[in-house]
Amino acid sequence: MANKKANKATFTYGGVEMNFTKSETKAAVQFNRNLKQPPPDSELESFQEETPPSQVGSFEVFEADKGIDEKLDEQRERPDVTVGTHVWHMEGEEDTSFIPTGNIYVEFKPGTDDTKQRELMEEFHLNIIEVVGPDAYRVSVTAESPNPIKSVVLLQKKKIVSVAEPELLTKPVNGFSPPAGRFIATQWHLENTGSQIPIVDIDNAVFGTGHFKRGADAKVKEAWNFLGNLGSRNLKIAVIDTGFAIDHPQLRGDGTKITNTFNAANRNTDVSPWFQASDGSWGVFSHGTSCAAVAAGALDTQGILGAAPNARIVPIKLDILSDEAIKNAFEHALMNGADIISCSLGFPKPVPLSTYVTNYLSKVTREGRGGKGIPMFFAAGNANPASNNQPRPVSDFAAHPDSICVTASNSLDEHSDYSFYGPNAFLCAPTNGNNGVGITTATVEAGSNNQLVLAYTSGFGGTSSATPLAAGVCALMLTANPNLTVSQIKNILRQTTDKIGSPNDYDANGHSNYHGFGRINALKAVQMAAQMAGGGSVPSSGTSAPPTQQSSSSAQRGKVTSKFLNVRSGPSTSFAKVGQLNQGDIVNLVDKTSGFWQIGPGQFVSADYIQLLAVNGAVVTTRKGKVTSTVLNVRSGPSTANAKVGQLKKGAVVTILETSSNGWHRIDNQKWVIGSYIQEV
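Summarised in this report is the structure supplied together with it.

Criteria and cut-off values
All residue numbers here refer to positions counted from 1 along the written sequence of the relevant chain. Local features are withheld for residues below a pLDDT of 70 in this predicted model, meaning they are given only at 70 or higher, and side-chain atom pairs are given and counted only at 80 or more; totals for whole chains, interfaces and linings count all residues. Computation of side-chain values: all heavy atoms of the structure, hydrogens and water removed. Interaxial angle, 0 to 180 degrees, is taken between N-to-C directions of lines fitted to C-alpha atoms, where a helix line uses only the stretch in contact. Put simply, DSSP H or I for four residues or longer makes a helix, DSSP E for two residues or longer makes a strand, and each gets a number counted from the N terminus. Note that the term roughly parallel is reserved for angles under 35 degrees, roughly antiparallel for angles over 145, roughly perpendicular for angles of 65 to 115, and oblique for everything else. Two residues form a contact once any of their heavy atoms are found within 4.5 Å. Buried Ala, Val, Leu, Ile, Met, Phe, Trp, Tyr and Cys residues that are joined via side-chain atoms within 4.5 Å together make up what is termed a nonpolar core. To sort residues, take the accessible area from a 1.4 Å probe on protein chains only and compare it with the maximum for the residue type: under 20% means buried, over 50% means exposed, and anything in between is partly exposed. By definition, two strands form a pair when at least two bridges between them are found by DSSP. Patch rule: a residue counts if its relative accessible area is over 30% and it has no salt bridge; like charges are joined within 9 Å, and nonpolar side chains (Val, Leu, Ile, Met, Phe, Trp, Tyr) within 5 Å. Accessible areas in this description were obtained via Shrake-Rupley with a 1.4 Å probe; residue shielding takes into account the shown protein chains only. Each reported salt bridge corresponds to a side-chain nitrogen of Lys or Arg within 4 Å of a carboxyl oxygen of Asp or Glu. Positive charges come from Lys and Arg, negative ones from Asp and Glu, while His and the chain ends are left out of the count. Throughout, a charge is located at the NZ atom of Lys, the CZ atom of Arg, the CG atom of Asp or the CD atom of Glu. Should the near helix be turned counterclockwise from the far one by less than a right angle, the crossing is left-handed, whereas a clockwise turn marks it as right-handed. Think of a 1 Å grid over just the protein atoms. A cavity is a set of points where a 1.4 Å probe fits yet cannot get out, a pocket is an open set with protein on both sides within 12 Å along at least five of seven lines, and lining residues have an atom within 4 Å of a point. Grid points are joined across faces, edges and corners, and a volume is the space filled by probe spheres set on the points. Three residue categories are used. Nonpolar comprises Ala, Val, Leu, Ile, Met, Phe, Trp, Tyr, Cys and Pro, charged comprises Asp, Glu, Lys and Arg, and polar comprises the others, including Gly.

The interhelical angle for the contact between helix 8 (residues 323–335) and helix 9 (residues 355–367), taken along N-to-C directions, is 5 degrees, at an axis separation of 10 Å. It follows from the interaxial angle that helix 8 and helix 9 lie roughly parallel. Of helix 9, the residues touching helix 8 (which contributes D323, I326, K327, F330, E331 and L334) are Y356, V357, Y360, L361, K363, V364 and E367.

Spelled out as structure tokens, the structure:
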């Protein structure tokens, strides 16, 4: 069979028709390692001006500006080369190389005579390397075969063949490069290695190893690695504080980070950190700038950044505490799409919030984010012992029943003794204190001629720093799963914290007045949030028999609509109660019987109080679509990695039940098709 060279090929791969182009400058060879010899001097001379070979799996990829066909033929003649092949690119994706390994997956149509299967194999000189199943084989090309790509194109034209796909080799793409820079190691609260770190605002000074305990951090870098990014650009963190230097590189970022600035007292957009003292002199509040940067500071050239560097910041200046000003601040966050609120201020004396403010904060946390609620992180406070040498309890904002009250732990995983504490404490987060060290972040100072000096410090701290750190971690959780409710966020945080300090600090419910439920762990929190996005469920606090967690992204899910929902051992109210769910909880729906959904082994809930959800968390709605490709595979989940469970022909009309984040449509229970070949009608 003639092996005419072609520069382009179109074939079906994973149920999708794709166009590939042969590289004009790259080819690849696979060596028999037992025979491999160094190339002769003449060959070295011919390649010495070309790019050195790179390794992709067992193949070496070499490049040449011209004559790639001839150079590949030369390589094929070598006795130690077992495979020599061109490199191919997907159309429009020339920056990614695919190497045909020489292996092909072939499925014959059911009922095809074995003799015809063998005859076709012999026609193409294919060697069977694995019998996958009835009528399905992995084969390899031989010296007499057409090249793997041409073989696939020709095989797909045969009437008895239903699938013919080449094995393509490429390098995986992480898509994420960890942040780097001169001072990245100074931010021990993101990753504490136990090593000494430089002090950014004191030349040639360091904090020694005695100030650190390895692992006494918020596990933020590990969460970035798990996510593969630095948080979503679609999320907004409202930071309520006394003023902001919005031109600081960490707050300015690419110019889009700051949004919806608001002065709550004056009801304008001036959030400047300047203030005028009673003697007429001017000063600067640096606090808000530092807090905002801890939560979401942009990565700068020095490697200093926040917990969620990609998130946007809504700066809300609140430099006067009155019912009206407080309400204005939180209303602005609610009305301008804030996903998270971080507030590190409070009243100078331990007073309760007014009923008016208390009720309004409840409204914000209940109605924000389209009804999912806005998580509100409040600083516990820093003045223990108080001026009368009596411990001061958590008060005002941090004592609100919907508050996520943040206390302080240090770089040695100890309770910071200045931090207020009490039964309202929800969790602690790394900051300064005791023999620990401060947080490296942005700051601002008043310079000469009333100019702002934009700078950095390694001395920020207090629960003021712990709180925006926790808020930034929450942004990473919402990156993994933007559909979490406030209740779910709290449940995840409650279950994923690390218990630090003495075991005697914690009560039977796992709560400590000093540490809350423990030190925040971004990695565990993000992993659990992602698990829920993939179909798992997080039981509410106090649920004695939590629904079984599943990770399949194709599982049917539901949301609890009643304030409380009993979990029973069977599909009726006559069965024993084995647990309880709260409004907003997400559960897997295994099977429906007699008006009850089974959500796990021996666990049933009334279907009257379950709202069906799609994979992306939206309420299930249906629409129609028409298949536009000649043949479209139906798979058991939303990717080509899932098993093929059927096929559709061009023009077939399907019902679209939901669409996954990577563009696949669910058309039935555990039946998915790629959306690029479905036209909505």
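Let's shift gears to the nonpolar core. Ranked by internal contacts, the top residues of the largest apolar core, which has 68 residues, are V220, I237, F377, M477 and L493. The dominant element in this core, judged by the number of residues it contributes, is helix 10 (residues 463–480), at 11 residues. Excluding residues that lie within four positions of it along the chain, F377 makes contacts with I340, I341, S342, C343, I404, V406, T467, A470, A471, C474 and L493. W88, F98, I104 and A164 belong to the second largest nonpolar core, which has 35 residues in total.

Right, let's get into the sheet that holds strand 23 (residues 557–560). With antiparallel pairing, three strands are arranged side by side in an open sheet as 26-23-30. Of all the strands in the sheet, the pair left with one neighbour each is strand 26 (586–588) and strand 30 (610–613). Neighbour to neighbour, the strand axes of the sheet diverge by 35 degrees on average, direction disregarded. With three bridges joining them, strand 23 and strand 26 adopt antiparallel strand pairing.

Take the pairing of strand 16 (residues 312–317) next. By the criterion of burial, strand 16 is predominantly enclosed, with five of the six residues buried. Here strand 12 (residues 236–241) runs beside strand 16; their pairing, made up of six bridges, is parallel. Across the sheet, the residue bridging to I237 is I313, located in strand 16. Here two bridges tie strand 13 (residues 262–263) to strand 16, and the two strands are oriented parallel to one another.

A grouping of D113, D114, E119 and E122 is seen on the molecular surface, where their side chains present a negatively charged patch. On the secondary structure map, D113 appears in the loop between strand 6 (93–108) and helix 3 (114–123). Relative accessible area serves as the criterion here: at 41%, D113 is assigned to the partly exposed category.

Okay, unusual backbone geometry next. At R267, a residue that is not glycine, the phi angle is positive and equals roughly 55 degrees. Relative to the helices and strands, R267 is located in the loop between strand 13 and strand 14 (274–276). Its identity as a non-glycine residue notwithstanding, D413 has a phi of 60 degrees, on the positive side. Position of D413 among the secondary structure elements: in the loop between strand 19 (403–409) and strand 20 (425–430). Classification of D413 by relative accessible area gives buried; the value is 11%.

Another point: the packing of helix 11 (residues 486–496) against helix 12 (residues 522–533). It is the contact of helix 11 with helix 12, at a shortest axis distance of 9 Å, that shows an interaxial angle of 135 degrees. Put simply, helix 11 runs oblique to helix 12. Once helix 11 is placed against helix 12, the crossing between them reads as right-handed. The segment helix 11 lies against helix 12, with Q488, I492, L493, Q495 and T496 engaging K524, A525, M528, A529 and M532.

Space inside the largest pocket adds up to approximately 820 Å³. Lining the largest pocket are 35 residues, and of these D402, V486, S487, K490 and Q583 sit closest to its centre. Those elements giving two or more residues to the lining of the largest pocket turn out to be helix 9, strand 20, helix 11 and strand 23. The dominant element in the lining of the largest pocket, judged by the number of residues it contributes, is helix 11, at five residues. Taken together, the residues of the lining of the largest pocket sort by class into 10 nonpolar, 18 polar and seven charged.

The next thing to look at is helix 7 (residues 287–296). Of all 10 residues in helix 7, nine are buried; the element is thus mostly enclosed. Among all positions in helix 7, only G288, T289, S290, C291, A292, A293, V294, A295 and A296 are buried. Residues of helix 7 that are buried sit in contact with strand 12, helix 6 (249–252), strand 16, strand 21 (439–446), strand 22 (452–460) and helix 10.

Attention shifts here to the side chain of S606. Inspection of the secondary structure assignment puts S606 in strand 29 (residues 603–606). By relative accessible area, S606 is classed as buried at 13%. Those residues in contact with S606 that sit more than four places away from it in its chain are L565, G595 and F596.

It is worth spelling out the pattern of salt bridges at this point. Counted under the stated rule, the structure contains 14 salt bridges. Among the ionic pairs, K644 bridges to E107, the shortest N-O distance being 3.4 Å. Here K644, found in strand 33 (residues 644–649), pairs with E107, found in strand 6; they are 537 residues apart in sequence, far enough to count as distant. Across the pair D254 and R233 runs a salt bridge, and its minimum N-O distance is 3.9 Å. Within this pair, whereas D254 is found in the loop between helix 6 and strand 13, its partner R233 is found in the loop between helix 5 (220–227) and strand 12, the two being separated by 21 residues in sequence. With a relative accessible area of 56%, D254 lands in the exposed category. Within the structure, one salt-bridge network assembled from shared partners comprises D413, D498, R519 and K524.

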